[in-house]
Amino acid sequence: MTSQLVLFGPQIEEINSALSPDEREDRVMQLLCRHLNMKTVIAFIGAGCSAAIGYPDWEGFTNQIIAKVEESLADKQRTDKSNEYHIARDRDRLKSFSTENRSIEEAAKVRRYVRSDLTYLVVLEECDKILQKYKINENVRDIVTNLFESEWNRNAKRAANRVHNPYEILMGLPIKRFVTTNYDSEIREALKTKRGVSESELNKKVFTQSEKHTEQFSLYPLARVKESENLVFHCHGSLCEKETMIITEDHYQEQYLKEYSHGEEFRQTLDLMFTSNPILFIGYGLGDEDLMRWLRKIKANRPDAPYRNPIFVIVERWHKGDTPSQAELEREENKYRSYYLRYGLHVIPIDIKDKEYKNESQARGQALCRKLKEIKTNWRQWWSGIQEKPKFRKS
């Protein structure tokens, strides 16, 4: 970081498009450090954090659910001869959405098709409806719960890259509130082991979008309030409350889009959170069109939001060489400038050299942990610099 320091008050200043990549990153990092020091930042945690320690990403998550539904359909096909033909067609259709057991080229085509034309929520909605169609006595929420209990939690605990745990590193930053779209309890475990939060306290602090959590909803948007410290909002539900998990397109529409539904208070809380607090997105891609539309709407209606209550996002920047080429940097910087102008996002890139890692999950996990440690180091240096400034003398 440079020696120029940003002080405590709101920094009403545009990010200059003429800045070099290093200058822009330095400016964004200083802005983040200032807000971290004010203890107002909310960490918004996505699947990338849990994938770093052994949980599946959205693609792996969907593939495994498809496999479980397909197994149930195979059992049903053996006993329900009247529907044998239709079940076979539905089995083939579900398999067409999976990237499992395909060549690299075929998997890439399916991945593009699902992400661009369908979305994972729609594929999972198809799984749920097929289970209902053939009166199979389970739903997608049951399958997800069973997979977490039988496989995913265990795999995560014994993962070789468990030492690179972004949740534990995150506990070393002055972030007091967390929101996550993940169903697992990893952030709860990190609060317990790294901050010493008791189990009884966590039972009050960790909550979902269920109507019964009205008190936590009202406290959550408030910064620097003792009662809101270490609050964890599972905005897409959690395993502890299976009925709250947002997995399918129907679940999503009920929570986010349907008027006069129980999701109205939830949406108001999210809107207030985004417009009155700095946010740090961790473990998210920028391909979620619903999230991006929301951010774009906030930017359009509150044009000063990018610097009064900025939104930071950690974004992966893959390259084959030791460092990105100048052409790669310029191309990426143009993209980051677009994110800033359209959505008000301040991008913090992670450089990932794919040749150094055995697999993509390992690369992402280690790179994310490195970046969080770098943010922690920069914040401490920033604060040390502030403390070293001479005190004002009385006249």
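Residues numbered from 1 in each chain as written. Predicted model: local features only at pLDDT ≥ 70, side-chain atom pairs only at ≥ 80, totals over all residues. Heavy atoms only, no water.

**Overview of the pairing of strand β5 (residues 279-282)**
Filter applied, for reference: A simple rule labels every residue: compare its accessible area, found with a 1.4 Å probe on the protein chains alone, to the largest value its type can have, and call it buried under 20%, exposed over 50%, or partly exposed in between. Every helix listed is a DSSP run of H or I at least four residues long, and every strand listed is a run of E at least two residues long, numbered separately from the N terminus. The criterion for strand pairing is that DSSP finds at least two bridges linking the strands in question.
What you see with β5 is no split at all: Ile279 and Phe281 on one side and Leu280 and Ile282 on the other are buried throughout. Pairing of strand β1 (residues 42-45) with β5 involves 4 bridges; the strand directions are parallel. Residue pairing in the sheet places phenylalanine 44 in a bridge with phenylalanine 281 of β5. With 3 bridges connecting them, β5 and strand β6 (residues 311-319) associate as parallel partners. Looking across to β6, one finds that leucine 280 is bridged to phenylalanine 312.

**Considering unusual backbone geometry**
In this structure, lysine 39 takes a positive phi of about 60 degrees despite not being glycine. Here lysine 39 shows up in the loop between α1 (21-37) and β1. Classification of lysine 39 as partly exposed rests on a relative accessible area of 37%. Of note, arginine 224 is a non-glycine position whose phi angle comes to about 55 degrees, a positive value.

**Quick look at the sheet that holds β5**
Put simply, the test is: As a rule, the C-alpha atoms of each element are fitted with a line to give its axis, helices using only the stretch in contact, and angles between N-to-C directions run from 0 to 180 degrees.
Read from one edge to the other, the open sheet built from 7 strands follows the order β3-β4-β2-β1-β5-β6-β7, with strand pairing classed as parallel. A single partner strand is all that each edge strand has here, and the edge strands are β3 (206-208) and β7 (345-353). Averaged over all pairs of adjacent strands, the angle between strand axes in this sheet comes to 25 degrees, irrespective of strand direction.

**A word on the packing of aromatic side chains**
The test is simple: Pairs were defined over the aromatic rings of Phe, Tyr and Trp, the Trp ring being its six-membered one, requiring ring centres within 6.5 Å. Orientation was assigned from the angle between planes: stacked under 30 degrees, edge-to-face over 60, tilted for the rest.
Throughout the structure, instances matching the rule amount to 16 aromatic pairs. Plain terms: the ring middles of tryptophan 58 and tyrosine 120 are 6.1 Å apart, the flat faces sit at 15 degrees to each other, and that makes the pair stacked. In this pair, tryptophan 58 is assigned in helix α3 (residues 58-79) and tyrosine 120 in helix α6 (residues 120-133), connecting sequence segments 62 residues apart. Residue tyrosine 120 is classed as buried on the basis of its relative accessible area of 15%. One aromatic cluster in this structure is built from Tyr55, Trp58, Phe61, Tyr120, Phe148 and Tyr183.

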